[in-house]
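Letter by letter, the chains look like this.
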Amino acid sequence: MSGSVFSFDVGLGASVKKYLVAVDNDVDQYRSTLNTQVNDLLNSWQSPNKQSFIDDWTKYSCGMDYIHDAGPRLVAGLTHEIDLINQAEQVGF
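Basis of the calculations
Residues numbered from 1 in each chain as written. Predicted model: local features only at pLDDT ≥ 70, side-chain atom pairs only at ≥ 80, totals over all residues. Heavy atoms only, no water. Axes fitted to C-alpha atoms, helices over the stretch in contact; angles between N-to-C directions. Helix = DSSP H or I, 4+ residues; strand = E, 2+ residues; numbered from the N terminus. Parallel < 35°, antiparallel > 145°, perpendicular 65-115°, else oblique. Left-handed = near helix turned anticlockwise from the far one by under 90°. Core = buried A, V, L, I, M, F, W, Y, C linked by side-chain atoms within 4.5 Å. Buried < 20%, exposed > 50% of the residue type's maximum accessible area, 1.4 Å probe, protein only. Contact = heavy atoms within 4.5 Å. Expected span 1.5 Å × (residues − 1). Bend = angle between axes of the 7 residues up to and from the residue. Lys, Arg positive; Asp, Glu negative; His and termini not counted. Salt bridge = Lys/Arg side-chain N within 4 Å of Asp/Glu carboxyl O.

### With respect to the packing of helix H1 (residues 10-44) against helix H2 (residues 50-90)
- One can describe the packing of H1 onto H2 by two numbers: an axis separation of 8 Å at closest approach and a directional angle of 150 degrees. By the angle between their directions, the pair H1 and H2 is classed as roughly antiparallel. Handedness of the H1/H2 crossing: left-handed.

See the structure below:
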């Protein structure tokens, strides 16, 4: 959209949305299974290196939780913005 105070690249927004959806789907598909398997692994793991793994796993797991939580909101926001731009262009805003 050009010629107004607002600017948004609909094509780029749609591309970003596509990748966000793909990442969200992957996280949703694997998160539960991965959490279960890592917990099972930790229960059977006896090694001095275990704590280092736990420290990194905690960050990784939190990252998956953040993606699971924020991803759908990001997709919804981009969808809404793209729809608004398309509607504005239809009426010649």
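Next comes the rest of the account.
### Remarks on the nonpolar core
- Counting residues in hydrophobic clusters, the biggest one holds five residues: Val27, Val38, Leu42, Trp57 and Met64.
- Of all the secondary-structure elements, those providing two or more residues to this core are H1 and H2.
- The greatest single-element share of this core, amounting to three residues, is contributed by H1.
- For Val27, the residues in contact, after removing those within four places along its chain, are Met64, Ile67 and His68.

### Focus: H1
- Over its 35 residues, H1 runs 50 Å from end to end, which matches the ideal 51 Å to within 8%, given 1.5 Å per residue.
- Considering bend angle alone, the principal kink of H1 is centred on Tyr30 and spans about 40 degrees.
- All of the buried residues along H1 are Gly13, Asp24, Val27, Val38 and Leu42.
- Looking at the buried positions of H1, the neighbouring elements they touch are H2.

### Topic: the side chain of Asp24
- Among the secondary structure elements, Asp24 is positioned in helix H1.
- Here Asp24 occupies a buried position and makes no salt bridge, while the nearest side chain of opposite charge, Arg31, is found at 10 Å.
- Contact partners of Asp24, with chain neighbours within four places excluded, come to Ile67, Gly71, Pro72 and Val75.

### Topic: the environment of Ser52
- By the secondary structure assignment, Ser52 is in helix H2.
- Ser52 gets classed as partly exposed once you look at its relative accessible area, which sits at 45%.
- For the pair Ser52 and Val38, spaced 14 residues apart in sequence, the C-alpha to C-alpha distance is 14 Å.

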